Amino acid sequence: MEPGEARQVLPQLRRGALEYCVIALLCERPRYGFDLVRELSEAEGLLTSEGTIYPLLSRLRKEGLVTTSWRESDSGPPRRYYALTTDGRAALERFVQDWTRFRDGVDRVLGTGAAGPDRWAVAEKTTKEEPH
Amino acid sequence: MAVDLDHPAISGYLARLEAAAAGLPPGRREELVAEIRGHLGDALATAVDGDDAAVLAAVDRLGDPAEIVAAEGGTQHYQAQRDAAGPPYRAAAWQFPPAQTGLGAGWGAVELAAVIGLAVGVLTGGIGIVVGISCAWISDRWTSREKLLATVLGLLPALALVLGGLTFVVGGAVRSDVKSGSVQPAPAPVESAVPVPGGTP
């Protein structure tokens, strides 16, 4: 695979996982947009353009996975809060199962699971030591 | 809030967002701009007034307005996959639709009609063949090769009928010839193999 193709994998993975990370955050309690962004920015590489969270929330709302309500804020204008629906919870449960299976499968093949990434460290070393 | 949202960097950004969002459904454009504006208010709530660097950083983190508007529709492929999967759970981006393999994978109503038409074509006096071949060529699932195969297979019975008729006519003529010469008649299909007396110079 070309290095250029490898770089394209991350946006695809992010696109699939991001909305479920948002749903998972809303599972704890209702949140407003900036609150979600603050939490997501803790995980590196998950949210590259903060503004895209709003189209995502709009889609989740259209799909009936979240509902919105306006609440007064201590500082400034009222904020729009997002809360998870029953469908949203069901979607999260399904995703957690799928994700675990997917992650374990990839880990098994790559050897990056509990057995550890040592295997790749060794492989890299071997490649470097080879004269050609 | 400490930073004025009328800051030129912010008003400029919101203007670009509004322009990029011109194609969104009525109501959604205003909603999106209001949400982004509220986001900047929250992001700059603790910034000191006049802190241009904080304003520029907050705007920069939001991303390109065109990218935000593009996310509004999602990429069409991804959206289609989600719609196909149905609520409440949608297929993730790394899940691919099942590959269409094996017999019947590329068949719909038109293809089925083509096969039935071709199969009963002879019984319906040739109408089925015409319908069958037409359906085969209308199909958007079969390849040109498959369509050609359907046509050839469909025309085979008609071809056999024509050949059979010819054989009967020619065979009959030969039979009447050999009968007069009191020779055992040759089987119909090999009538051309009967040597013509004095045919070779």
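Preceding block: the structure.
Residues take numbers from 1 onward in each chain, read along the sequence in its written order. To read the labels, note that chains go from A and ligands from 1, taken in the order they are written. This being a predicted model, a pLDDT of at least 70 is required before a residue's local features are given, and a value of 80 or more before pairs of side-chain atoms are given or counted; all residues contribute to the totals for chains, interfaces and linings. Side-chain numbers come from the whole structure's heavy atoms, not from hydrogens or water.

A. How the structure looks around helix α2 (residues 9-28) of chain A. Residue and element names in this part refer to chain A. Under the scheme used here, helices are H or I runs from DSSP no shorter than 4 residues and strands are E runs no shorter than 2 residues, and both carry numbers assigned from the N terminus. In a helix, the anticipated span is given by 1.5 Å times the number of residues less one. In this model α2 runs 29 Å from its N-terminal to its C-terminal C-alpha over 20 residues, within 8% of the 28 Å that 1.5 Å per residue would give. The angle between axes fitted to the seven residues ending at a residue and the seven residues starting there is what we call the bend at that residue. A17 marks where α2 bends most, by close to 35 degrees. Exposure is judged per residue with a 1.4 Å probe applied to protein chains only, and the accessible area is read against the type maximum: over 50% gives exposed, under 20% gives buried, and values in between give partly exposed. Among the residues of α2, those classed as buried are R14, G16, A17, L18, E19, Y20, V22, I23, L25 and L26.

B. Geometry of the interface of chain A and chain B. Residue-level contacts link 34 residues of chain A with 27 residues of chain B. Each partner contributes to the roughly 2800 Å² buried at the junction of chain A and chain B, and carbon and sulfur atoms together form 54% of this total. The three residues of chain A that bury the most area against chain B are F34(A), Y54(A) and R59(A), which together make up 20% of that side's buried surface. Only one rule defines a salt bridge in this text: a Lys or Arg side-chain nitrogen within 4 Å of an Asp or Glu carboxyl oxygen. Inspection of the region where chain A meets chain B yields 5 salt bridges. For the salt bridge of R61(A) with E31(B), the shortest nitrogen-to-oxygen distance reads 3.2 Å. By the criterion applied in these results, polar contacts are pairs of N or O atoms within 3.5 Å in which, for protein atoms, one can donate a hydrogen and the other can accept it, and in which residues neighboring in sequence qualify only through two side-chain atoms. Inspection of the region where chain A meets chain B yields 11 residue pairs in polar contact (both at pLDDT 80 or more). For the side of chain A that touches chain B, the secondary structure elements donating two or more residues are α2, α3 (33-40), α4 (53-62), β3 (79-84) and α5 (86-110) of chain A. Of the residues forming the side of chain A that touches chain B, the biggest block, 8 residues, is contributed by α5(A). All residues other than Ala, Val, Leu, Ile, Met, Phe, Trp, Tyr, Cys, Pro, Asp, Glu, Lys and Arg, Gly among them, are scored as polar; the first ten of these are nonpolar and the last four charged. Class assignment of the residues belonging to the side of chain A that touches chain B gives a composition of 16 nonpolar, 7 polar and 11 charged. We call two residues in contact when some of their heavy atoms are within 4.5 Å. What gets called buried area is simply the loss in accessible area from a 1.4 Å probe that two parts show on being joined, summed for both.

C. Structural detail: the packing of aromatic side chains. Residue and element names in this part refer to chain A. Only the six-membered ring of Trp is used, alongside the rings of Phe and Tyr, when aromatic pairs are assigned; centres must lie within 6.5 Å, and planes under 30 degrees apart are stacked while those over 60 apart are edge-to-face, with the rest tilted. Counted by the stated rule, this structure contains 4 aromatic pairs over all chains. Here Y32 and Y81 contribute two aromatic rings whose centre-to-centre distance is 5.4 Å and whose plane-to-plane angle is 65 degrees, an arrangement assigned as edge-to-face. Residue Y32 is located in strand β1 (residues 31-32), and its partner Y81 is located in strand β3; the two are separated by 49 residues in the primary sequence. The same class applies to Y32 as to Y81, namely buried. Members of the aromatic cluster, joined through ring pairs, are Y20, F95, W99 and F102. Directly above the aromatic system of Y32 lies the positively charged group of R79, at a separation of 4.1 Å from the ring centroid. Over a ring means this: the NZ of a Lys or the CZ of an Arg is within 6 Å of the ring centre and within 35 degrees of the ring normal.

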